[in-house]
Amino acid sequence: MNELMKSLPRKLTITMWDFSWYTMTLPGEPYNDLAARFKEAVDRGYNTIRICAMPYMLFTEEGKRSGRLKFGNLGEVGQRTRWYNCRGGAELDGYAHLLELFRQAKAHDCCIMLSSWEYQQSPSFLAHPELRDKLAAIPPKERFMAIARSMNQLIRFVKAEGYASQIVYAELHNEVEFGQLTAVGVEQGIKETDTPKLVEAMQPYIEEAIDFLREQHPDILMTASYTLNEAYPKTYVARNMQVAHYHLYIKGVLNELMDAAGLNDEHTSFPNPFVHSLLRQDAPAFDQWTLPEGQEWRMEGNPVGMKLIYLHDWADPDKWDLYLYDRYGAHKLAMLQKTDFRFEEIHDWVRHSDIPIVIGEGYVGYTPLHAGFEEGPVGKFIAEYALQKGMSLGFWGMTLCSNCAPHHPFWNDVAWQIKWNQFILDSE
């Protein structure tokens, strides 16, 4: 593995373009001009772009799918929610768009981190449900290999076009413990909320898929994406990963807000009085705020859920932020301690396996598009604490914040990104 890393950057500074790089491509949207976005990324100090490479959307296990990709949106739903605020209506030659991404990566000396969100959010933005239905129809035990076979074909395609050197590594799937891949555990009677048992149940299937990808592409590092949000034994994760790729959403004070909002409370009505206290004056009633008729399929299997999107769409950003600032002090120490414990845990776990650690997403949590807590002084402090901790432990790469990308307002804070990307690059 160390031989594979010799041609890769010494440190990875990561900006996450997720699935937005293909769902937000219309004139005026962030990814209409990939060359401009790459220039901005390099100017901010990034050397790695993490994406949903849409392997299943573009490739079967035999090769290319036919036709162009057509995208929609969720109507009025999601317009002030991160990642959901695409205009819809675009038609893409997905292969040309993928190659343009790699062409710009090579021109700007950047690496691409391949992943898939296809058993999570990305199918919600297709114009039609056919591909989503095909994914859902695959038996749970076969989903891991289905993604792996498509990823294999995607990597072959990228290699044939001369861009193999731009792939830093490939993740089987994003955050395997959140989304429809966990159905393999639910099928065994495990509760959807039992993260440790779900991670353990997925282990042999993820290992099988990673083994396949390693055999097909021994020159590319292979892994899967897990999170550090909940505690679980790391012996349950795939044992053949070549990169320890993890995400850390600390949450803390954000969990207090979520609990007060009753998002997971099936016994009380939503929105409850606390949610009403956060809403904008023009917020519609929850039961009148719906997906377009016939579009209900867009949220089937999507792990975010309509309650949370309603809260993000209609919360007054100032009220949201004021609540978090008011309650943050009670959570500060625990949030920092969670960072220490989770990072030290994976550092100790990999120290005998000789695989590098990468933090691909983080740090506070999922906040409304126009809220500023994560981008403000407290959010930055938490991110900086995590960055310093990770670099002190010798992590290979880290994201500055999940919101530091062209489709988030944080992208405009250029000076902060330059400073902390340089910090990562200068670390031992």
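In the block above lies the structure referred to throughout.
The following refers to the structure shown. (Residues numbered from 1 in each chain as written. Predicted model: local features only at pLDDT ≥ 70, side-chain atom pairs only at ≥ 80, totals over all residues. Heavy atoms only, no water.)

So, on to the side chain of Arg50. Following the sequence through the fold, Arg50 ends up in strand β2 (residues 48-52). Residue class for Arg50 comes out buried when judged on its relative accessible area of 0%. There is a polar contact of 2.7 Å between the side chain of Arg50 and the side chain of Glu171. (Helix = DSSP H or I, 4+ residues; strand = E, 2+ residues; numbered from the N terminus. Buried < 20%, exposed > 50% of the residue type's maximum accessible area, 1.4 Å probe, protein only. Polar contact = N/O pair within 3.5 Å; in protein donor to acceptor, adjacent residues only side chain to side chain.)

Bringing the pattern of salt bridges into the picture now. With the rule as written, the count across this model stands at 19 salt bridges. In this structure, Arg68 and Glu91 form a salt bridge, with 3.8 Å as the shortest nitrogen-oxygen distance. Of this pair, Arg68 sits in the loop between α4 (55-58) and β3 (69-70) while Glu91 sits in strand β4 (residues 91-92); the two residues are 23 residues apart in sequence, bridging distant segments of the chain. Note that Arg239 is salt-bridged to Glu207, the shortest N-O span being 2.6 Å. Taken together, the residues span a long stretch of sequence, with Arg239 in the loop between β8 (225-227) and β9 (244-249) and Glu207 in helix α9 (residues 195-216) at a distance of 32 residues. A network of salt bridges, in which partner residues are shared, links Arg50, Glu171 and Glu361. (Salt bridge = Lys/Arg side-chain N within 4 Å of Asp/Glu carboxyl O.)

Its boundaries defined by the atoms lining it, the largest pocket holds a volume of some 1,700 Å³. Surrounding the largest pocket, 47 residues form its lining, Phe178, Lys251, Asn264, Pro303 and Val304 being those nearest its centre. Of all the secondary-structure elements, those providing two or more residues to the lining of the largest pocket are β1 (12-18), α8 (183-186), α9, α10 (253-261) and α12 (306-314). Of the residues in the lining of the largest pocket, the class split is 18 nonpolar, 19 polar and 10 charged. Space inside the second largest pocket adds up to approximately 300 Å³. Every element with two or more residues in the lining of the second largest pocket is listed here: α4, β3, α5 (94-107) and α6 (130-137). Here the lining of the second largest pocket takes three residues from α6, the largest share from any one element. A per-class count over the lining of the second largest pocket returns seven nonpolar, four polar and five charged. (1 Å grid on protein atoms, 1.4 Å probe; cavity = no way out; pocket = protein on both sides within 12 Å on 5 of 7 lines; lining within 4 Å. Points joined across faces, edges and corners; volume = space filled by probe spheres on them. Nonpolar A, V, L, I, M, F, W, Y, C, P; charged D, E, K, R; others polar.)

Once that is clear, we can look at the pairing of β9. Within β9, six of the six residues are buried, leaving the element largely enclosed by the surrounding structure. Side-chain alternation along β9 places Ala244, Tyr246 and Leu248 on one buried face and His245, His247 and Tyr249 on a second face that is also buried. Across three bridges, β8 lies against β9 in parallel orientation. The residue of β9 that forms the bridge with Thr227 is His247. For β9 and strand β10 (residues 357-363), the ladder comprises six bridges, and the chain directions are parallel. Note on β10: the bridge partner recorded for His247 is Glu361. (Pairing = 2+ DSSP bridges.)

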